[in-house]
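# Fold and contact review
As a plain string of letters, each chain reads:
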Amino acid sequence: MKQARALLAEALRLQALVHDDERLRTEFPRQSRIIAGTFRDYEDFWRYQWHGANGRDRLLYARYLSIAQDLRIATTILRGAVRYSNAATIAVKRAEIRQTVRKLAGLVRDGIADDPEEADRAERMTDVAKALV
């Protein structure tokens, strides 16, 4: 579950970056390719896990894979929207990222609820996610 928490941390960093208008205009264009590459790496990891799993784990890995894909695609589209100053697309992609982070935080929280130590860490990260929204 370390990879799930790391994916959530990276998604929270992305959400914080795109939430602020100034950082979106100045920092995001420089960092967006790196961020998208990071999400592609998570996609590869979860795809590999998905191929080797079965049952409930396979479904869980597929959901993480889908979330990583959604974040990568939203980052790529947002980069173009920022470049061409398309306010409508920027607003839509911000909302998509916010919704995906919520979905991921819930999945991480529910996926590790069996381990009390992991649940405490996930709860703290979920609180940070709520504060950013």
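Everything in this summary refers to the structure shown in the same document. Just so we're clear, the structure is a prediction, and the values are computed from it rather than from any experiment.

## Examining the packing of aromatic side chains
Taken as a whole and assessed by the stated rule, the structure comprises three aromatic pairs. Each ring, one from Phe45 and one from Trp46, has its centre 5.0 Å from the other, and the planes form 80 degrees; the classification is edge-to-face. Within the aromatic cluster, the residues linked to one another by ring pairs are Phe45, Trp46, Tyr61 and Tyr64.

## Quick notes on the packing of helix H1 (residues 2–19) against helix H3 (residues 28–52)
Two elements in contact, H1 and H3, have axes whose closest approach is 11 Å; the angle formed by their N-to-C orientations is 160 degrees. By the angle between their directions, the pair H1 and H3 is classed as roughly antiparallel. Crossing angle aside, the handedness with which H1 passes H3 is left-handed. Contacts between H1 and H3 involve Gln3, Ala4, Ala6, Leu7, Glu10, Ala11, Leu14, Leu17 and Val18 from the former and Phe28, Gln31, Ile35, Thr38, Phe39, Tyr42, Phe45 and Trp46 from the latter.

Parameters and conventions
Residues numbered from 1 in each chain as written. Predicted model: local features only at pLDDT ≥ 70, side-chain atom pairs only at ≥ 80, totals over all residues. Heavy atoms only, no water. Phe/Tyr/Trp six-rings, centres within 6.5 Å; stacked < 30°, edge-to-face > 60°. Axes fitted to C-alpha atoms, helices over the stretch in contact; angles between N-to-C directions. Helix = DSSP H or I, 4+ residues; strand = E, 2+ residues; numbered from the N terminus. Parallel < 35°, antiparallel > 145°, perpendicular 65-115°, else oblique. Left-handed = near helix turned anticlockwise from the far one by under 90°. Contact = heavy atoms within 4.5 Å.

These figures come from the coordinates and say nothing about function on their own.
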